Amino acid sequence: MQQDLNNLKAIAKAFLQAASSHQVSEGYDLYVSEKFVHHNIHFKSDAHSLKAGMMQSAEMFPEKIFEVKQCIAENDKVMTYSHVRLTPDDKGFALMHLFRFENNKIVELWDIAQQIPESIANELGAF
C-alpha cells in the first residue's frame, strides 16, 4: 500500500510534539505500531523502555520547547531536524529523527543529537 508522504510527515511531527510533552502515552497510542523498535543508545530497543524515558523527560522538563525545523519524506521513511530546549533559556540541542512507517504507524525510529554550545564557530548557526 502506498503511503501518503504528507500524512507520514504530519504523523512524525505530531508524535514528536506528543512525546516531548505530557502527552507521551497518547502519542504512542495514536502513532506507534505494536511492532515498534528503536535505536536510541540510552534505552533498550522496545517501545516500553523508550516511552518510559520520554515520560520521565516530560516530567523533569515541563517547559521543554520542541520545534521541528525540517521534515523530509521518501518511500516509507520520514526524517526530521529539530531544535529542542529543555527550558526557555537553554541553548538546547539539534536533534534528528528517522522514522520508518508501515500502514501509517511508526515501526522503527533512529535519533541522534548534538548539543548547541554557548559559542559556535559557524556564523549561520545550527538552524
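Please refer to the structure placed before this passage.
Keep in mind it's a predicted model, so treat the numbers as computed, not measured. (Residues numbered from 1 in each chain as written. Predicted model: local features only at pLDDT ≥ 70, side-chain atom pairs only at ≥ 80, totals over all residues. Heavy atoms only, no water.)

**Student:** Just checking my understanding: could you explain the sheet that holds strand β1 (residues 32-38) for this structure?
**Tutor:** Backbone hydrogen bonds hold the strands of a sheet together, and the pairing may be parallel or antiparallel. Read from one edge to the other, the open sheet built from five strands follows the order β1-β5-β4-β3-β2, with strand pairing classed as mixed. The open sheet terminates on both sides in strands that have one partner only, identified here as β1 and β2 (65-74). Neighbouring strand axes in the sheet, compared pairwise and without regard to direction, differ in orientation by 25 degrees on average. Relative to strand β5 (residues 105-115), β1 is paired through three bridges, and the arrangement is parallel. Bridged to V32 within β5 is I106. Helix-sheet contacts for helix α1 (residues 5-19) involve β1, β2, β3 (77-85), β4 (93-102) and β5, and the interaxial angle to β2 is about 155 degrees. (Pairing = 2+ DSSP bridges. Helix = DSSP H or I, 4+ residues; strand = E, 2+ residues; numbered from the N terminus. Axes fitted to C-alpha atoms, helices over the stretch in contact; angles between N-to-C directions. Contact = heavy atoms within 4.5 Å.)

**Student:** I tried to follow the packing of α1 against helix α2 (residues 24-31) on my own but got confused; where do I start?
**Tutor:** Geometrically, a packed helix pair is captured by the angle between its two axes and the distance between the axes. The contact between α1 and α2 brings their axes to 7 Å, and the two run at 155 degrees. Relative to α2, the element α1 is oriented roughly antiparallel. For the crossing formed where α1 meets α2, the hand is left-handed. Judged by residue contacts, I11, A14, F15, A18 and A19 of α1 engage V24, G27, Y28 and Y31 from α2. Taken together, the residues of the contact of α1 with α2 break down into eight nonpolar, one polar and no charged. (Parallel < 35°, antiparallel > 145°, perpendicular 65-115°, else oblique. Left-handed = near helix turned anticlockwise from the far one by under 90°. Nonpolar A, V, L, I, M, F, W, Y, C, P; charged D, E, K, R; others polar.)

**Student:** For this particular structure, what's the right way to read the packing of aromatic side chains?
**Tutor:** Centre-to-centre distance and the angle between the planes together describe a pair of aromatic rings. Overall, the coordinates contain five aromatic pairs when judged by the stated rule. A ring pair is formed by Y28 and F36, whose centres lie 6.0 Å apart and whose planes are at 75 degrees; its orientation type is edge-to-face. For Y28, a relative accessible area of 7% translates into the label buried. Using a relative accessible area of 4% as the deciding quantity, one classes F36 as buried. Joined through ring pairs, the aromatic side chains of F15, Y28, F36, F99 and F101 make up one cluster. Positioned above the aromatic ring of F127 is the side chain of K69, whose terminal nitrogen or guanidinium carbon lies 5.7 Å from the ring centre. (Phe/Tyr/Trp six-rings, centres within 6.5 Å; stacked < 30°, edge-to-face > 60°. Buried < 20%, exposed > 50% of the residue type's maximum accessible area, 1.4 Å probe, protein only. Lys NZ or Arg CZ within 6 Å of the ring centre and 35° of its normal.)

**Student:** Please explain the environment of I116 as it appears in this structure.
**Tutor:** As for its placement among the helices and strands, I116 is situated in the segment after β5. Overall, the relative accessible area of 15% leaves I116 in the buried class. Other than its neighbours up to four places away in sequence, I116 contacts K91, G92, F93, A94, A126 and F127.

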